[in-house]
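Summary of the model geometry
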Amino acid sequence: MQTASVGVRVKSASVRVSASFASTSPIDTMSERTDSASFDHLVKLLLVGDSGVGKSSLLLRFSEGTFEQDQTPTIGVDFKLKFLDVDGKRLKLTVWDTAGQERFRTLTSSYYRGAQGVIFVYDISRRETFQNLAGIWAREVDMYATVGDCVKIVIGNKLDKESGREVSRDEAEEFARQNGCLFLECSAKSNAFVQEAFLELVRGVLETPSLVEETATQGGKIRLKKYQQGKKGDCAC
């Protein structure tokens, strides 16, 4: 039975627990919705990491349940919509996939704004992609992200390349712990723990009071709170 370690964030820290997903299907608590007319929460998630770590493959596997062996590198940004029911909540997810190449970073920095969840992705068989999480991507998030309580998860992708592993699970877990992140290893290719990774992140958002308020909608319409709180006499009509 295959197991994975999940980091559960408690306040500003993260706690390591061991969880087995072999006998538990995410369908029990997370299911795709066919009715997209209304939703309770609008959640923005952002994938970041080096080029070639499999961000686009993770997104494709999560959103469409497919995998492409020869995935074209993302130019600039891409995004997909997914409607889900999670623990009784109707969600509309916008998941943004950013290019990992340095020449696109100034272009993609604006897409960090408003993200309630951030996914740091590295390739377990390429050590430099893990090192760049701290050297590049964590700094990018600190610099450009605008949601102070955003929930973050570190994903070690390409678990199917276990024989070529260059980053130990313990080392990655420690990095996640130090940075207040959730943690999970998965494989977009074999579809191992991909749904679980996104479910953990989404649950983290729903369990953060400030984010629950920020993402809440009314009848499927976004609540623009800063405009609702305008003073009388602001209208120029």
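Computed from a predicted structure; not experimentally measured.

The next point concerns the environment of Phe67. Residue position: Phe67 is located in the loop between helix 1 (55–64) and strand 5 (77–86). The spatial distance from the C-alpha of Phe67 to the C-alpha of Ser56 is 9.5 Å, given a sequence separation of 11 residues. In contact with Phe67, not counting residues within four places along its chain, are Ser57, Arg61, Ala188 and Lys189.

Our next topic: helix 5 (residues 194–206). The end-to-end C-alpha distance of helix 5, which contains 13 residues, comes to 19 Å, matching closely the 18 Å that a straight helix rising 1.5 Å per residue would cover. Counting buried residues in helix 5 gives 12 out of 13 residues, a clear majority hidden from the surface. Burial in helix 5 covers these residues: Val194, Gln195, Glu196, Ala197, Phe198, Leu199, Glu200, Leu201, Val202, Gly204, Val205 and Leu206.

Glancing now at the environment of Tyr111. Among the structural elements, Tyr111 can be located in the loop between helix 2 (105–108) and strand 7 (117–123). For Tyr111, a relative accessible area of 25% corresponds to the partly exposed category. It is 7.9 Å that separates the C-alpha atoms of Tyr111 and Trp96, two residues lying 15 residues apart in sequence.

Moving on: the pattern of salt bridges. Using the criterion set out here, one finds 10 salt bridges in the structure. Between Arg203 and Asp87 there is a salt bridge, with its nearest N and O atoms 2.9 Å apart. With a gap of 116 residues between them, Arg203 in helix 5 and Asp87 in the loop between strand 5 and strand 6 (89–98) connect regions that are remote in the sequence. Take Asp87: its relative accessible area is 44%, and that puts it in the partly exposed class. The closest approach of N and O atoms between Arg126 and Glu128, which form a salt bridge, is 3.3 Å. Residue classification places Glu128 among the partly exposed positions, given a relative accessible area of 38%. Overlapping salt bridges, with partners in common, bring together Glu162, Arg165, Arg169 and Glu185 in one network.

This part is about the packing of aromatic side chains. To describe a pair of aromatic rings, one takes the distance between the centres and the angle between the planes. Scanning the entire structure with this criterion turns up 7 aromatic pairs. Judged by centre distance (5.1 Å) and plane angle (35°), the ring pair of Trp96 and Tyr111 falls under tilted. Here the residue Trp96 occupies a position in strand 6, and Tyr111 occupies one in the loop between helix 2 and strand 7, the gap between them amounting to 15 residues. Pairing Tyr112 with Tyr144 gives two aromatic rings, centres 5.8 Å apart and planes at 55°, and the pair type is tilted. With Tyr112 in the loop between helix 2 and strand 7 and Tyr144 in helix 3 (residues 127–144), this residue pair connects regions lying 32 residues apart in the sequence. The exposure class assigned to Tyr112 is buried, which follows from its relative accessible area of 1%. Overall, Tyr144 belongs to the partly exposed group, its relative accessible area being 28%.

Tracing the backbone shows Glu185 in strand 9 (residues 182–185). A distance of 2.8 Å separates a polar atom in the side chain of Glu185 from a polar atom in the side chain of Arg165. Within the local environment of Glu185, its side chain forms a polar contact with the side chain of Arg169, the two groups lying 2.8 Å apart. Among all residues touching Glu185, those that are not within four sequence positions of it are Tyr122, Ile124, Gly156, Leu159, Arg165, Arg169 and Phe193.

Here the focus is helix 4 (residues 169–178). Taken residue by residue, helix 4 has Ala172, Glu173, Phe175 and Ala176 as its buried positions. The arc that holds every buried residue of helix 4, seen down its axis, measures 160°, which confines them to one face. Looking one or two residues past helix 4, Gly180 carries a phi angle of roughly 65°, positive in sign.

With that settled, consider unusual backbone geometry. If you check the backbone angles, Asn191 has positive phi at about 65° while not being a glycine. Considering the arrangement of structural elements, one finds Asn191 in the loop between strand 9 and helix 5. Of the residues examined, Asn191 reaches a relative accessible area of 38% and is grouped as partly exposed.

This part takes up the packing of helix 1 against helix 5. One can describe the packing of helix 1 onto helix 5 by two numbers: an axis separation of 9 Å at closest approach and a directional angle of 85°. Comparing the axis directions of helix 1 and helix 5 gives the class roughly perpendicular. Contacts from Leu58, Arg61 and Phe62 of helix 1 reach helix 5 at Val194, Gln195 and Phe198. The class makeup of the residues in the contact of helix 1 with helix 5 is 4 nonpolar, 1 polar and 1 charged.

Analysis parameters
Counting restarts for each chain, with residues numbered from 1 along the sequence as it is written. pLDDT decides what is reported in this predicted model: residues at 70 or higher carry local features, side-chain atom pairs at 80 or more are listed and counted, and totals for whole chains, interfaces and linings draw on all residues regardless. To get the side-chain values, take all heavy atoms of the structure and skip hydrogens and water. The numbering of helices and of strands both runs from the N terminus, where a helix is a DSSP run of H or I of at least 4 residues and a strand a run of E of at least 2. Residue contacts are counted whenever heavy atoms from the two residues lie within 4.5 Å of one another. The span expected for a helix works out to 1.5 Å for each residue beyond the first. Three labels apply to residues, based on accessible area from a 1.4 Å probe with only protein chains included: buried if under 20% of the type maximum, exposed if over 50%, partly exposed otherwise in between. What makes a salt bridge here is a side-chain nitrogen of Lys or Arg within 4 Å of a carboxyl oxygen of Asp or Glu, nothing more. Pairing of aromatic rings covers Phe, Tyr and Trp, the last through its six-membered ring, and needs centres within 6.5 Å; plane angles under 30 degrees mean stacked, over 60 mean edge-to-face, and all others mean tilted. For this analysis, a polar contact is any N or O atom pair within 3.5 Å, provided that within protein one partner can donate a hydrogen and the other can accept it, and provided that sequence-adjacent residues contribute only side-chain to side-chain pairs. Directions drawn from the helix axis to the C-beta atoms are what define this arc. Lines fitted to C-alpha atoms define the axes here, with helix axes fitted over just the stretch in contact, and angles between the N-to-C directions of these axes take values from 0 to 180 degrees. Note that the term roughly parallel is reserved for angles under 35 degrees, roughly antiparallel for angles over 145, roughly perpendicular for angles of 65 to 115, and oblique for everything else. In this classification, Asp, Glu, Lys and Arg are treated as charged, Ala, Val, Leu, Ile, Met, Phe, Trp, Tyr, Cys and Pro as nonpolar, and every other residue, Gly included, as polar.

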